[in-house]
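Descriptive structure summary
Spelled out, the chains give:
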Amino acid sequence: MRKIKLPLEDKVLNSLKIGEIVLLNGIIYTARDAAHKRMIKKLPFDIRGQVIYYAGPTPAPPGRVIGSCGPTTSARMDIYTPLLLKMGLKGMIGKGNRSSDVIKATKKYKAIYFVAIGGAGALLSKKIKSAKIIAYRNLGPEAIYKLEVEDFPVIVGIDSFGKNIFKKSSGRVYSAF
Amino acid sequence: MRMIYGDSIVSTVAKLCITANYKLRTDVKQSLKIAGRREKGLAKYALKTILENIDIAAKEHIPICQDTGMAVVFLEIGQDLQVKGNLIEAVQEGVRIGYKNGYLRSSVIDEPLGERRNTGDNTPAIIHTNITAGDKLKIAILPKGFGSENASALQMFKPTDSMKKIENFIIETVRKYGPNACPPLIIGVGIGGTFEKCAELAKKSLTRQIGKLNKDLNSRKLEKRLLKKINSLGIGPAGLGGKTTALAVNIETYPTHIAGLPIAINISCWALRQAQAVI
């Protein structure tokens, strides 16, 4: 499995093909429904070149960095994603398929969509080395966390050429959550 | 008349919320293991990851999934039992304490169309009550994640509609929403009753153990047929393609009106969490 350093370098990004399992190393930011709704009005951090993880963790028990932290359904963020990609977002991590608009925008802005295994929140939490809330603390689990990840396992779901793994698996692309 | 106190309900519910979220149902785990043996490639990888995750959750005490759900509580209340205190409030308090002490996520918001403020303690829970014989209280808790809850559907069919039309509705629902609902899925199907009854049946059917045969022969045949068709969709574990899109189809039926045929599908992700106790 290839280790990928974040932020993504163009050369690396363009070499990623759908179906490849890679290990992410570096900084990612969580954001889900409520955060996206706010973000598109005013960005709380510079998203250029960054990767967003669609996730809302469970609270960290004493002695732990974070609680369970697996991906949520990406499709719910589809209406916001093309705009964020236009603003410079380079990567997304989530579960499930995306709308055709997102696929088109991913290709147009040379970005990438990674799939994390849905429900694997316990395993994925162990790949998170530090976590800090940087915005929207009052949203609770929907706050934006800055996470430092080490060997965080994901699969390339949509590559920068607009190839989509879900088209391969289910034969159709649906814009549904 | 036997009497139980609200306090014992509070502590039992709290414990069940925690157990359910850390330890997966053994029948589901077993079924995932079997599925892993017949898959290859990314499907095998996804199932291996899922099984590793289940073990990490149990051993290291980390919730299986970060979506620790909205707590769905089934109460079977013996008619000869007297509860000292407020039964429903005791269940809510149990959920409140269980989610706090178990470091589980608060995922409930107050006004669905309003501000959508997080209530901060994962209440209110959804409580279904049923009066039964005897003097015991049976409590079953299903923390229900919304990745799969969102993939559910209900349709009022006509009695004259063909079986094919009904099967298509179920299969199309899985085809459309399945990849996002964390497959391999467990498909709960409620048939009959009224609008709300068939939805409850679909949810209740998820409590049946995988591999335990349906007592109704017609339902059993339909379950088998639907499972085969759903697994031929190719969605596979995590939606990445494969043979295992669903682990089981569970059907529950109830008599209905001469003019109707309600059908509800309630989908569960592979992390079908459930814990129960009898007081």
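A quick note: this is a predicted structure, and the numbers were derived from the prediction, not measured. (Residues numbered from 1 in each chain as written. Chains lettered and ligands numbered in written order. Predicted model: local features only at pLDDT ≥ 70, side-chain atom pairs only at ≥ 80, totals over all residues. Heavy atoms only, no water.)

A word on unusual backbone geometry
Selection criterion: Numbering of helices and strands runs from the N terminus, with a helix taken as a DSSP run of H or I at least four residues long and a strand as a DSSP run of E at least two residues long.
Here L6 of chain A and P7 of chain A are connected by a cis peptide whose omega angle stands at -5 degrees. Here P7 of chain A is to be found in the loop between β1 (2-5) and α1 (10-15). The omega angle of the peptide bond from T123 of chain B to P124 of chain B is 0 degrees, so this bond is cis rather than trans. With respect to the element layout, P124 of chain B can be found in the loop between α4 (87-101) and β4 (126-132).

Quick notes on the domain arrangement of chain B
All names here are of chain B. How we decide: For every domain, the bounds stem from an assignment made automatically or drawn from a database. Summed over both partners, the accessible area (1.4 Å probe) lost when two parts come together is defined as the buried area. Here, a salt bridge means any Lys or Arg side-chain nitrogen found within 4 Å of an Asp or Glu carboxyl oxygen. Residues adjacent in sequence count toward polar contacts only when both atoms are side-chain atoms; beyond that, a polar contact is any pair of N or O atoms within 3.5 Å, and within protein one must be able to donate a hydrogen and the other to accept it. Throughout this entry, Asp, Glu, Lys and Arg are counted as charged residues, while Ala, Val, Leu, Ile, Met, Phe, Trp, Tyr, Cys and Pro are counted as nonpolar. The remaining residues, Gly among them, count as polar.
Annotation of chain B at the domain level lists domain 1 (2-22 + 64-144) and domain 2 (147-272). Taking only C-alpha atoms into account, the centre of domain 1 sits 26 Å from that of domain 2. Sorting the residues of domain 1 by area buried against domain 2 places F74, L142 and K144 first, and these three jointly supply 63% of that buried surface. Between domain 1 and domain 2 we count two salt bridges in total. For the salt bridge of E76 with K204, the shortest nitrogen-to-oxygen distance reads 3.8 Å. Our count for the contact surface shared by domain 1 and domain 2 stands at three residue pairs in polar contact (both at pLDDT 80 or more). Residue assignment for the side of domain 1 that touches domain 2 shows that the elements contributing at least two residues are β2 (70-78) and β5 (137-144). A per-element tally of the side of domain 1 that touches domain 2 places β2 first, with three residues. Across the side of domain 1 that touches domain 2, the residue classes break down as four nonpolar, one polar and three charged.

Brief notes about the nonpolar core
This is how it is decided: We define the nonpolar core as a collection of buried residues of types Ala, Val, Leu, Ile, Met, Phe, Trp, Tyr and Cys that are connected through side-chain atoms lying within 4.5 Å of one another. Relative accessibility thresholds used throughout: buried, under 20% of the residue-type maximum; exposed, over 50%; partly exposed, between the two (1.4 Å probe, protein chains only).
By size, the foremost hydrophobic cluster in this structure holds 89 residues, and its most contacted members are L24, I93 and F114 of chain A together with L32 of chain B. Counting residues domain by domain, this core receives three or more from each of domain 1 (2-22 + 64-144) and domain 2 (147-272) of chain B. Core analysis: the next-biggest nonpolar cluster, separate from the first, contains 26 residues, C17, Y22, V95 and A125 of chain B among them.

Topic: the packing of aromatic side chains
Residues and elements named next belong to chain A. Just so we agree on the cut-off: Only Phe, Tyr and Trp rings take part, Trp by its six-membered ring, and two of them pair if their centres are within 6.5 Å. Stacked means planes under 30 degrees apart, edge-to-face means over 60, and tilted covers everything else.
For the coordinates displayed, the defined rule picks out three aromatic pairs over all chains. Relative to F45, the ring of Y29 has its centre 4.0 Å away and its plane inclined at 20 degrees; by these criteria the two rings are stacked. With Y29 in strand β2 (residues 21-30) and F45 in the loop between α2 (33-39) and β3 (51-53), this residue pair connects regions lying 16 residues apart in the sequence. The exposure class assigned to Y29 is buried, which follows from its relative accessible area of 9%.

Section: the pairing of β2 of chain B
All names here are of chain B. What counts here: Pairing between two strands is assigned when DSSP locates at least 2 bridges connecting them.
With seven of its nine residues buried, β2 lies for the most part within the structure. Of the pairings in the sheet, the one linking β2 to β5 comprises eight bridges and is antiparallel in character. If you follow I77 over to β5, its bridge partner there is L137. Two strands pair when backbone bridges link them, and β2 and β4 are joined in this way by seven bridges, in the parallel orientation. Across the sheet, the residue bridging to I77 is I131, located in β4.

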